[in-house]
Amino acid sequence: MKILLLGYGKMGKTIEKIALERGHSIVGKIDLSNRSEMDQLGKADVDVAIEFSSPESAYDNITYCLKKGWPIVCGTTGWLEHRSEIEALCQSEKGAFFYASNYSIGVNLFFRLNRQLAQLMKGHGYAASMTEIHHIHKLDAPSGTAITLAEGLIAEDSSIKGWTLAPESEGGLIQIKAEREGEVPGTHIIRYESEVDKIEIAHTAHSRAGFALGAVISAEWLPGKQGVFGMDDLLKI
């Protein structure tokens, strides 16, 4: 399979390594310094693009790929105010777009666990909160994974209306504490606390390899399909 990498930072390099190990070829490695090189590639030159760039570049990269007819897997977060536009473009271009805030298989199972626990906890007097910890190079806060977790809580408990980064949360809002330290790949902790006890669930990534492998598996799955997809479609959970 011919893969175009959009974004060639630490994640892009990890994806490249795993893709090559799985027998794929890399037809381009695009970042801000050489973005014009995409214009030299035709529709048949790329089987799928994998996009892990920056919040500022993601929208333009995804738009370009969909208009070019390339299926695209995106893991960049921080641009989702444009998500409805991208999904509409995908449908109008009869393209294929795969998005996940986190491509780790374990994290996506954690998303499901989070929603199941939220169902159990509602109505029992516990206040939900969250802590997410990432490396100092991460540009957005809270993480896309934290937002997805918060959306899961909101979907399962009608008393929760949204989320906030503010130190003191108002009623009905989940407080998310975003910490940046060292080279931490990613830790997410969901906390339920009452006057008498506390319940926590957590996911801790040991490296970027789990995220990268999930992105490559998604890229292997996407070609030949049409529409907007996510990890639930891939994992059938």
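Model, not experiment: these values are computed from the prediction.

1. Points about the overall build of the protein chain
Part 1 of the reasoning: Per the secondary structure count, the protein chain includes 7 helices and 11 strands.
Part 2 of the reasoning: Since a compact globule built from 237 residues should have a radius of gyration of about 18 Å, the 19 Å found for the protein chain is in line with a globular shape.
Part 3 of the reasoning: Once the C-alpha set of the protein chain is aligned to its principal axes, its extents read approximately 60 × 40 × 30 Å.
Part 4 of the reasoning: Intrachain contacts of the protein chain at a sequence separation of at least 6 include 68% that bridge at least 24 residues.

2. Notes on the side chain of Asn108
Part 1 of the reasoning: Mapped onto the elements, Asn108 comes out in helix α4 (residues 105-121).
Part 2 of the reasoning: Reaching out from Asn108, the side chain makes a polar contact with the backbone oxygen of Asn102 at a distance of 2.9 Å.

3. Considerations on the UniProt feature "binding site: (S)-2,3,4,5-tetrahydrodipicolinate" (unreviewed entry) in the protein chain
Part 1 of the reasoning: Following the UniProt record, the feature "binding site: (S)-2,3,4,5-tetrahydrodipicolinate" (unreviewed entry) maps to His135, Gly144 and Thr145 here.
Part 2 of the reasoning: Residue Gly144 is classed as buried on the basis of its relative accessible area, which comes to 7%.
Part 3 of the reasoning: With residues near it in sequence (within four places) discarded, Gly144 still touches Thr77 and Ser101.
Part 4 of the reasoning: Here Thr145 shows up in helix α5 (residues 144-156).

4. A word on the pairing of strand β1 (residues 2-6)
Part 1 of the reasoning: Among the 5 residues that make up β1, 4 are buried, leaving the element largely enclosed by the rest of the structure.
Part 2 of the reasoning: Here β1 pairs with strand β2 (residues 25-30) via 5 bridges, running parallel. When the bridges of β2 are listed, Leu6 appears paired with Ile30.
Part 3 of the reasoning: Handedness of the crossover joining β1 and β2 through helix α1 (residues 10-21): right-handed.
Part 4 of the reasoning: Inspection of the sheet shows β1 paired to strand β3 (residues 48-51) by 4 bridges, in the parallel sense. Bridging from a neighbouring strand, Leu5 pairs with Ile50 of β3.

5. Looking at the environment of Met1
Part 1 of the reasoning: Position of Met1 relative to the elements: it lies in the segment before β1.
Part 2 of the reasoning: Taking the C-alpha atoms as reference, Met1 lies 24 Å from Leu32; in sequence the two are 31 residues apart.
Part 3 of the reasoning: Other than its neighbours up to four places away in sequence, Met1 contacts His24, Ser25, Asp47, Val48, Ala219, Glu220 and Pro223.

6. Description of the sheet that holds strand β7 (residues 162-164)
Part 1 of the reasoning: In space, the 5 strands of this open sheet follow the order β7-β8-β6-β9-β10, with mixed pairing throughout. Strands with a single pairing partner mark the edges of an open sheet, and in this sheet they are β7 and β10 (198-204). Within the sheet, the average angular offset between the axes of one strand and its neighbour, ignoring direction, is 20°.
Part 2 of the reasoning: Direction of pairing for strand β6 (residues 127-134) relative to strand β9 (residues 187-193): antiparallel, over a ladder of 7 bridges. The partner of Met130 across the bridge, within β9, is Ile190.
Part 3 of the reasoning: The strands touched by α4 within the sheet are β9 and β10, with β10 carrying the most contacts at an inclination of about 165°.

7. Side note on unusual backbone geometry
The bulk of non-glycine residues show a negative phi, and the bulk of peptide bonds are trans.
Part 1 of the reasoning: Along the chain, Ala141 connects to Pro142 via a cis peptide bond; the corresponding omega equals -5°.
Part 2 of the reasoning: On the secondary structure map, Pro142 appears in the loop between β6 and α5.

8. Digging into the environment of Asp233
Part 1 of the reasoning: Here Asp233 is to be found in helix α7 (residues 231-235).
Part 2 of the reasoning: Overall, Asp233 belongs to the partly exposed group, its relative accessible area being 34%.
Part 3 of the reasoning: Separated by 51 residues in sequence, Asp233 and Gly182 have C-alpha atoms that sit 34 Å apart.
Part 4 of the reasoning: Ignoring any residue separated from it by four or fewer positions in sequence, one finds Asp233 in contact with Trp221 and Val228.
Part 5 of the reasoning: For Asp233, the side chain forms a polar contact with the main-chain nitrogen of Gly230, separated by 2.8 Å.

9. Some thoughts on helix α2 (residues 55-68)
Part 1 of the reasoning: Taking 1.5 Å per residue as the helical rise, α2 with its 14 residues ought to reach 20 Å, and the 21 Å between its terminal C-alpha atoms agrees with that figure.
Part 2 of the reasoning: Within α2, burial applies to Ser57, Ala58, Asn61, Ile62, Thr63, Tyr64, Cys65 and Leu66.
Part 3 of the reasoning: Its buried side turned inward, α2 meets β1, β3, β4 (72-74), α3 (83-92) and β5 (96-99).
Part 4 of the reasoning: A positive backbone phi angle near 90° is found at Gly69, which sits one or two residues after α2.

Thresholds, definitions, all that
- Position labels on residues start from 1 in each chain and follow its written sequence.
- Local features in this predicted model are restricted to residues whose pLDDT is 70 or higher, and side-chain atom pairs enter the listing and the counts only when it is 80 or higher, whereas totals over whole chains, interfaces and linings include all residues.
- Processing note: side-chain calculations cover all non-hydrogen atoms of the structure and skip hydrogens and water entirely.
- A run of DSSP states H or I qualifies as a helix once it reaches four residues; a run of E qualifies as a strand once it reaches two. Both are numbered from the N-terminal end.
- Put simply, the radius of gyration uses C-alpha atoms, and a globule should come to 2.2 Å times the residue count raised to 0.38.
- What makes two residues a contact is simply this: any of their non-hydrogen atoms within 4.5 Å.
- Any pair of nitrogen or oxygen atoms within 3.5 Å is treated as a polar contact; in protein, a donor-acceptor pairing is required on top of that, and neighbouring residues in sequence qualify only through side-chain atoms on both sides.
- UniProt positions are given in the numbering used here, feature names are shortened, and annotations may be inferred rather than shown by experiment.
- Relative accessible area decides the class of each residue, using a 1.4 Å probe on protein chains only: under 20% of the type maximum gives buried, over 50% gives exposed, and in between gives partly exposed.
- Strands were regarded as paired on the criterion that DSSP finds at least two bridges between them.
- By convention, orient the strands away from the viewer: a clockwise path from the first strand over the helix to the second makes the crossover right-handed.
- Lines fitted to C-alpha atoms define the axes, with helix axes restricted to the stretch in contact, and inter-axis angles between N-to-C directions lie between 0 and 180 degrees.
- Any helix carries an expected span of 1.5 Å times its number of residues minus one.

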